[in-house]
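Analysis of the macromolecular model
Letter by letter, the chains look like this.
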Amino acid sequence: MRLTRYFLPILKETPAEASIASHRLMLRAGMIHQSSAGIYSWLPMGFKVLQRLEQIVHEEQQRAGHIPMLMPTLQSADLWRESGRYDDYGKEMLRITDRHGRDMLYGPTNEELITDIVRNSINSYKDLPKTLYHIQWKFRDEVRPRFGVMRGREFYMKDGYSFDVDEAGALHSYNRHLVSYLRTYERMGLKAIPMKADTGPIGGDHSHEFLVLAETGESEVFYDSRVLDMSLGDCVIDFDDVAQCQDIFDEFTTPYARTDETHDDAIFSDVPENRRMSARGIEVGQIFYFGTKYSESMGADVVMPDGSRKPIEMGSHGIGVSRLIGALIEANHDDKGIIWPESVAPFRVGLVNLRQGDEAADAACDSLYSGLVKAGLDPLYDDRDERAGAKFASMDLIGCPWRITVGPRGLKNGVVELTSRRTGETVELSPEDALARCVEIYADV
Ligand code: ATP
Ligand code: MG
């Protein structure tokens, strides 16, 4: 993309309404525009990042064997009356009446809708297990929407629903989700720690929230510092392998890690003191096995081999896709701007022409630009007629992980500069080598 043809409304002033870095930087970098409290338009660059995250979530869900679909945002209140949640949900639910006087709502989540679909189409134990998911907008009329996309009223969520014949199957689905979430966050360059979560009125042991450590996080968390060293890395995972998923689950959930809701001082005090940490965290996902809560109240059951009928064992599993952008920026920025991890960067390489209009500089930039496009590296070419300082400031703000700087002086010696946004390190290379180096950097991303 050439910057002169793009829509990137960068703000010079720091917006007064934004109290945390990610919100400030998303507004300054022209990623979002508030349309009303907790509701945002996603401007082109914000939308690009959202799509990158969505793509990673889709790939990892499907790698785990989960099936994509799409349910609507508006739902009928009748389904929620069946499960008993229409009255329980309270003011967070946005209720709407259509022209025929029918009660509707903007979905805050989809357990009822998916249970209705499954009860109508699945009848036998032979049709299970299945995990269906979608990535769709949700609405929760939060009392205090704040921190930009971090706590919005309208937000984008991946929500998946697992359906199994028995508890053992459901626990494998649960573990499979935990492992696929670990992979998902790792691919985004994020450390998200699974922490034992409260299961609320449904009870049971099986809920984990994934938290990204950040001073601005809304949750108080307690953990054994060992969790910080754990990663899946290149581990090859067979998501059908029950024992492997269980082992990974055990490995990642054995060290102490809990939010204040489940924190237990007596157990925590067994962790060696030098590893006992408390901090703030941002919840970027949650998995939940809740048994037959919805299948029983809504009549979603299957015929078993002996002819009896059995309610389906269910779980629901969510990733806060739009909130993740805030969490990513909280974890990856400095005072100049955003520092995108390579895998989620809206533009992978920034190209800066130090002297627009200089024949040699323009020609070198044009050739690098088409080379980068051809290599699929999605460059952003700052071809504005601006001072070098202003171009660098914009590039630093929007956070392309790599920047190629082209100027007449360097070209006389046959070189351009390649700079890492994260380390600031710069190397001089021929334009061809700079391009080849970028291709190499992104080869595994
Ligand atoms: P919170 O405790 O932060 O209100 P929640 O536990 O109610 O969130 P879930 O029902 O677990 O949320 O939803 C799954 C994911 O959706 C959360 O882990 C979070 O990342 C995201 N999410 C929930 N509420 C919001 C919101 N208001 N704005 C943005 N993302 C949200
Ligand atoms: Mg949650």
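Coordinates for the structure precede this section.
I will try to describe carefully the structure that is included in this document.

Moving on to the state of the cysteines. Considering all chains together, one arrives at 0 disulfides under this definition. In this structure Cys 245 is not part of a disulfide, and its nearest cysteine sulfur, from Cys 235, lies 9.6 Å away. Lacking any disulfide linkage, Cys 438 is separated from the closest cysteine sulfur, that of Cys 400, by 11 Å.

Near ligand 1 you find 14 residues, and of these Glu 142, Arg 151, Gly 152, Glu 283 and Arg 323 are the closest. Side-chain polar atom of Glu 142 to a nitrogen atom of ligand 1: 2.8 Å apart, as the coordinates give it. Gln 286 is positioned with one of its side-chain polar atoms (N or O) 3.0 Å from an oxygen atom of ligand 1. About the coverage of ligand 1: the protein hides 80% of its 580 Å² of free accessible area. The cavity where ligand 1 resides is the largest pocket. When residues of the shell around ligand 1 are traced back to their parent elements, those giving at least two are strand 8 (154-164) and strand 13 (276-291). A per-element tally of the shell around ligand 1 places strand 13 first, with 4 residues. Residue composition of the shell around ligand 1, grouped by class: 5 nonpolar, 4 polar and 5 charged.

Cut-offs used in this document
Residues numbered from 1 in each chain as written. Chains lettered and ligands numbered in written order. Predicted model: local features only at pLDDT ≥ 70, side-chain atom pairs only at ≥ 80, totals over all residues. Heavy atoms only, no water. Disulfide = S-S within 2.5 Å. Near = heavy atom within 4 Å. Polar contact = N/O pair within 3.5 Å; in protein donor to acceptor, adjacent residues only side chain to side chain. Areas by Shrake-Rupley, 256 points an atom, 1.4 Å probe, with all protein chains shown as cover. 1 Å grid on protein atoms, 1.4 Å probe; cavity = no way out; pocket = protein on both sides within 12 Å on 5 of 7 lines; lining within 4 Å. Sits in = over half its atoms within 2 Å of the grid points. Helix = DSSP H or I, 4+ residues; strand = E, 2+ residues; numbered from the N terminus. Nonpolar A, V, L, I, M, F, W, Y, C, P; charged D, E, K, R; others polar.

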